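# Understanding the architecture of this molecule
Listed below, chain by chain, are the residues.
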Amino acid sequence: MTRKEEKSEKKAANRKPYVEIRKLTKKFDTIVAVDEVNLTVHKGEIFALLGSSGCGKSTLLRMLAGLETPTSGHIFIDDKEMSGIPPFKRPVNMMFQSYALFPHMTVEQNVAFGLKQDKVPKDQIRDRVMEVLKLVEMGTYARRKSHQLSGGQMQRVALARILVKSPKLLLLDEPMAALDKKLRTQMQIELVDILEKVEATCIMVTHDQEEAMTMASRIAVMDDGHIMQIGPPSEVYEYPNCRFSAEFIGSVNLIDGNVKEVNKDHIIVETDVHENNVQVAHGLDCSIGMNVSVAIRPEKILVSKVKPEGNLNWFKGEVEDIVYLGGSSTYYVRLPSGKKIIAMQANLKRTIHERPTWEEQIYLSWLPHSGVILTS
Amino acid sequence: MIKRLKSLQPSGRAIVIAIPFTWMILFFLIPFALVFKISFAELQLAIPPFTDLTRYVDEALFIKLNLGNYLFLLQDPLYTSAYLSSVKFALVSTFLCLLIGYPMAYAIAKSNPNIRNILLMLIVLPSWTEFLIRIYAWIGILKNNGLLNNFLIWLGLIKEPLMILNTNTAVYIGIVYGYLPFMILPLYTNLVKHDDTLLEAAYDLGCPPWKSFLTITLPLSFAGVIAGCMLVFIPAVGEFVIPDLLGGSDTLMIGKVLWQEFFNNRDWPVASAVAIIMLLILALPLAVFHHYQAEETL
């Protein structure tokens, strides 16, 4: 468990759900964009909706903002039902993917816009705007117009514009999509720092798993209008509950087979195409003969020239390709059955000749608790 | 050496720019210079009906600039009031066009993209008919036993036909009708480019839709408003056909005065002076127009 997750765990422990989504559905004509989604978010949490484009994550976000009307279902924010409340009366503010800064206004006017709508006295607006601009380190740009700003600066202004209203819930729509890669990594960490400083509750949408894992304390993996899995990043990565979330986050080797033996603390999976069987130490309800997949992350697989002991949890194969990444190397290994396995190995030693090379016969092995059984 | 010769050859860029320049020089600058010259001449009964500005006698060049035409325009109140009345006609018509055109342009810009082109077509379609004929048609509509009066009597709203034709009201109707497309098209071009997420952002920040229109859409469409107003105002000031056909004997517009000076009085120098002054009056709004055009393309 990461430090970030630990923090959110503590926060969540003594609080009831702050944002609650119940059986929320949105249909566009005949297309179901969001299908009976249930979700709870706690106060002070950064929650990420992760999925590929068209999975319904943006529609879900827009329904929270009130920009789309749900076909059915309910949204509660701080125990208040949101249906029928127009976007301009919701305690929710959204940062748009394009940032949507008003081009005819200065940075200062953009940030002050939301407070003006709330009829806040003028001198208070000025103080509050400067305070927030300082927080996002844009204090010196107050008089600039949006077309005079860089992408990163525009993002800060867009963030300031919603933070200034201290909303109960912040919505971020693909917050990093408009930034280049280098700036993205830097802004991800900075954004989390700012959000934690103001103790904001935040739901973000992203298609970038790295971004979700860097920023969020919990992730919901979405596919085709459904939430496939909800959990902290480490849980979603290490214990995927379905093929989709295993494959969507990181890379994974999926080995198909059927259950041969069910024991108290482990099961044995027979893989028809590979010479050896797989043992998975996982307390899962399985019956003999059931079709399952075993998911093993590449970094959990050991590549070695020495044949492992026993006849469980190892395959023999031929190195087809090696991608040298400096700190680690990725091996693409072909099994006799033709299946390809990806294994990642840290380059602990400097000498190259000890490592497996192209077309070499090697052994892939892993520990019993490295694999995860997927039934769907 | 060859390089030098090559640099003398006109580049493709220069040729492309030269075409509109030649056009402007041939059909705008030279005629303008001629009119400008005539405005300083004196009336004489001859062909052409004005004097030469230059005379070459005994190795001396005499240039005689007659400022009398301009002074005459100042002295005779007819011209001043004709200018003022034209500007008033144009201003009121421009305002009416804006009032009618903005909602139309907005509706077209926000309409379903499939029918948008059809709606635009409907705006442009009437101009496929000759302008003069369309204004003539309005006579049939507005006259005492015309379509409009008959319709109103049939409805029972009025008993006696309204006197609309040959009044200033008819001129306003004509100008607004004739120039409305010039208001709608630039406004549409501006409004259709607006990013809807800006409005969504405004709603999200607590701004109700009507207020978002005033604080976001309206200021962002300012360049379109200016363009539309200029395209209506400038030709409306010099409008001649509409006041002549629809207006009454008391309808005073500079276009009509200009026509009378040229063709009825055959006083080319005064007519030229009238034209030059009108051009000066229009130069100011044109400069404003140009300024905002440049700003929008930024």
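Scroll up to find the structure this text is about.
About the thresholds
- Residues numbered from 1 in each chain as written.
- Chains lettered and ligands numbered in written order.
- Predicted model: local features only at pLDDT ≥ 70, side-chain atom pairs only at ≥ 80, totals over all residues.
- Core = buried A, V, L, I, M, F, W, Y, C linked by C-beta atoms within 7 Å.
- Buried ≥ 20, exposed ≤ 12 C-beta atoms within 10 Å, placed from the backbone.
- Helix = DSSP H or I, 4+ residues; strand = E, 2+ residues; numbered from the N terminus.
- Pairing = 2+ DSSP bridges.
- Axes fitted to C-alpha atoms, helices over the stretch in contact; angles between N-to-C directions.
- Contact = placed C-beta atoms within 7 Å.
- Nonpolar A, V, L, I, M, F, W, Y, C, P; charged D, E, K, R; others polar.
- Parallel < 35°, antiparallel > 145°, perpendicular 65-115°, else oblique.
- Left-handed = near helix turned anticlockwise from the far one by under 90°.

Further remarks concern the nonpolar core. By size, the foremost hydrophobic cluster in this structure holds 83 residues, and its most contacted members are Leu 64, Ala 160, Leu 171, Ile 203 and Val 221 of chain A. Considering every element that reaches this core, the biggest residue donor is helix α5 (residues 151–163) of chain A, with seven residues. Judged by nonpolar contacts, the second largest core, of 52 residues, contains Phe 50, Ile 108, Ile 175 and Ile 184 of chain B.

Bringing the pairing of strand β16 (residues 314–324) of chain A into the picture now. Residue and element names in this part refer to chain A. Pairing geometry for β16 and strand β19 (residues 361–365), over five bridges, is antiparallel. In the sheet register, Phe 315 faces β19, and the bridge partner there is Leu 364. One ladder, built from six bridges, connects β16 with strand β17 (residues 328–334); its direction is antiparallel. By the bridge assignment, Tyr 324 is partnered in β17 with Ser 329. Two successive antiparallel strands, β16 and β17, enclose a turn made up of three residues, where Gly 326 displays a positive phi of approximately 90 degrees.

The next subject is the sheet that holds strand β9 (residues 218–223) of chain A. Paired through backbone hydrogen bonds, the strands of a sheet run either parallel or antiparallel to each other. Residues and elements named next belong to chain A. Here six strands make up an open sheet; going across it, the order is β6-β7-β8-β3-β9-β10 and the pairing mixed. The strands lining the two open edges of the sheet, one partner per strand, are β6 (92–95) and β10 (226–231). Direction aside, neighbouring strands of the sheet carry axes that sit 20 degrees apart on average. Contacting β6 and β7 (169–173), α5 crosses the sheet at an angle of about 175 degrees to β6.

Quick look at the interface of chain B and chain A now. Contact residues are listed per partner, giving 13 residues for chain B and 17 residues for chain A. Among the secondary structure elements, those contributing two or more residues to the side of chain B that touches chain A are α9 (196–204) and α10 (209–220) of chain B. No other element matches α9 of chain B, which puts six residues into the side of chain B that touches chain A. Partitioning the side of chain B that touches chain A into residue classes produces nine nonpolar, two polar and two charged.

With that settled, consider the packing of helix α4 (residues 77–110) of chain B against helix α8 (residues 168–192) of chain B. All names here are of chain B. Running from amino to carboxyl end, α4 crosses α8 at an angle of 45 degrees, the nearest separation of the two axes being 7 Å. With respect to α8, the element α4 is oriented oblique. Seen from above, α4 lies across α8 with right-handed handedness. Partitioning the contact of α4 with α8 into residue classes produces 24 nonpolar, two polar and no charged.

Residues and elements named next belong to chain A. By secondary structure assignment, the location of Ile 77 is in strand β4 (residues 72–77). Distance from Ile 77 to Val 41, taken between C-alpha atoms, is 9.5 Å for residues 36 residues apart in sequence. Those residues in contact with Ile 77 that sit more than four places away from it in its chain are Val 19, Met 82, Pro 91, Val 92, Lys 168 and Leu 169.

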